[in-house]
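Structure assessment
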Amino acid sequence: MSFEIKLPLFEGPFDLLLFFIERDELDIHDIPISTITNDFLHYLHELDQMNIEVASEFILVAATLMRIKAKMLLPRPVLNEEGEEIDPRDELVKHLLEYKKYKSVVQELAAMEEERMQQYERGNVIYELQSLAKEQQVETELQHVDLYKLLKVYEKVWIRFAEEKKDNSHRVVQYPYTVDGQKGFLRQLLSEQPSDVSFITIIEHNPSKIAVIFNFLAILELLQISEITIKIGEGYNNFWIYRTEDAVQA
């Protein structure tokens, strides 16, 4: 009876080391070098038994781990320029942290790539128009639209828009009313009436908006010079206009 053992394949030796560190929840700044070396060599041994070719970088890292392990078992302190002892693991930790940083970036880029793969690329415009025309069964004009024709249409529209923008003329309309003229109209209207005139009656003579405005301004001026008086009457927004002399006699 035979059985097959499947081992996870890692992208590189530092990927394998990070796997051991994360699996055992180890402190990357204080790696138990003996344990991680044994795990690393055991993995390489399993690959060898499965007749899988071991890459040279795995062998190099294995030798580095064994060298660090030997230095820590038989310490020969190496001092820096300040006289402090150098940890044999410092170089390994530096490379692991650098690899971990780039690996995280690669994972983000892979996620962005996956998201981008979900989007449809912009295809050939002519092919898309022809497909759309075929599906909708429109006239053959749409099937022969190309970029040149679209640009020509855009040019014509832009020229027409520019011409329309040039027409900035403004027409001034002379109204057929003046305040003085409407004052005369009101005086004549009051003289023809026995006593008073309602504002509604004035509006009925000329109900246009401009005429109503000029008549109202004329009433205000006549009030200011005390030529007329007004009395609020019944009805919505209605009042009566009297000549001042008539109002005094009343």
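These numbers come from a predicted model, not from an experiment. (Residues numbered from 1 in each chain as written. Predicted model: local features only at pLDDT ≥ 70, side-chain atom pairs only at ≥ 80, totals over all residues. Heavy atoms only, no water.)

As a further point, take the nonpolar core. If you look at the biggest cluster of nonpolar residues, it comprises 21 residues, and the most contacted ones within it are L17, I36, F40, L65, L92 and L96. Counting residues per element, the ones that place at least two in this core are α1 (13-23), α2 (33-49), α3 (56-73) and α4 (90-117). Looking at this core element by element, the count peaks at six residues for α2. Residues L189, A218, I219 and I241 belong to the second largest nonpolar core, which totals 12 residues. (Core = buried A, V, L, I, M, F, W, Y, C linked by side-chain atoms within 4.5 Å. Buried < 20%, exposed > 50% of the residue type's maximum accessible area, 1.4 Å probe, protein only. Helix = DSSP H or I, 4+ residues; strand = E, 2+ residues; numbered from the N terminus.)

On to the side chain of K183, then. By the element assignment, K183 lies in helix α7 (residues 179-192). If sequence neighbours within four positions are ignored, K183 has contacts with A218, E221 and L222. (Contact = heavy atoms within 4.5 Å.)

Our next topic: the confidence of the model for the protein chain. Mean pLDDT over the protein chain: 76, with 76% of residues reaching 70 or higher. Segment residues 1-7 is flagged for pLDDT under 50; beyond a separation of four residues in sequence, or across chains, it makes five contacts in the model. (pLDDT = per-residue confidence, 0-100.)

As a further point, take the packing of α1 against α4. Angle between the axes and distance between the axes are the two parameters that describe a pair of packed helices. In contact at an axis separation of 10 Å, α1 and α4 are set at 95° when each is read in the N-to-C sense. Considering their axes alone, α1 and α4 lie roughly perpendicular with respect to each other. When α1 is examined against α4, the residues F14, D15, L17, L18 and I21 are found in contact with a partner set consisting of L92, H95, L96, Y99, K100 and K103. Looking at the contact of α1 with α4 residue by residue, the classes come out as seven nonpolar, one polar and three charged. (Axes fitted to C-alpha atoms, helices over the stretch in contact; angles between N-to-C directions. Parallel < 35°, antiparallel > 145°, perpendicular 65-115°, else oblique. Nonpolar A, V, L, I, M, F, W, Y, C, P; charged D, E, K, R; others polar.)

Enumeration over the complete set of coordinates arrives at four aromatic pairs. Ring plane angle 55° and centroid distance 5.7 Å describe the contact between F19 and F20, whose orientation is recorded as tilted. The class for F20 is buried, based on a relative accessible area of 5%. Seen from their ring centres, Y177 and F214 are 6.1 Å apart, and the 35° between their planes marks the pair as tilted. Linking Y177 in the loop between α6 (147-166) and α7 with F214 in helix α9 (residues 209-224), this pair joins segments that are 37 residues apart in sequence. Considered together, Y177 and F214 belong to a single accessibility category, that of buried residues. Positioned above the aromatic ring of Y102 is the side chain of K101, whose terminal nitrogen or guanidinium carbon lies 5.4 Å from the ring centre. (Phe/Tyr/Trp six-rings, centres within 6.5 Å; stacked < 30°, edge-to-face > 60°. Lys NZ or Arg CZ within 6 Å of the ring centre and 35° of its normal.)

Spatially, β1-β3-β2 is the arrangement adopted by the three strands of the open sheet, whose pairing is antiparallel. Unpaired on one side and paired on the other, β1 (196-198) and β2 (228-232) mark the two borders of the sheet. With strand direction ignored, the average angle separating the axes of adjacent strands in the sheet is 25°. Bridging between β2 and strand β3 (residues 239-243) involves five bridges; their strand directions are antiparallel. Looking across to β3, one finds that I228 is bridged to R243. The strands touched by α7 within the sheet are β1, β2 and β3, with β3 carrying the most contacts at an inclination of about 85°. (Pairing = 2+ DSSP bridges.)

Here we take up the layout of surface pockets. Estimated volume of the largest pocket: approximately 370 Å³. Along its surface, the largest pocket is lined by 21 residues, and R67, I68, K71, D87 and P88 are the ones closest to its centre. If you list the elements that add at least two residues to the lining of the largest pocket, you get α3 and α4. In terms of residue count, the dominant contributor to the lining of the largest pocket is α3 (eight residues). Of the residues contributing to the lining of the largest pocket, the split by class is 13 nonpolar, two polar and six charged. (1 Å grid on protein atoms, 1.4 Å probe; cavity = no way out; pocket = protein on both sides within 12 Å on 5 of 7 lines; lining within 4 Å. Points joined across faces, edges and corners; volume = space filled by probe spheres on them.)

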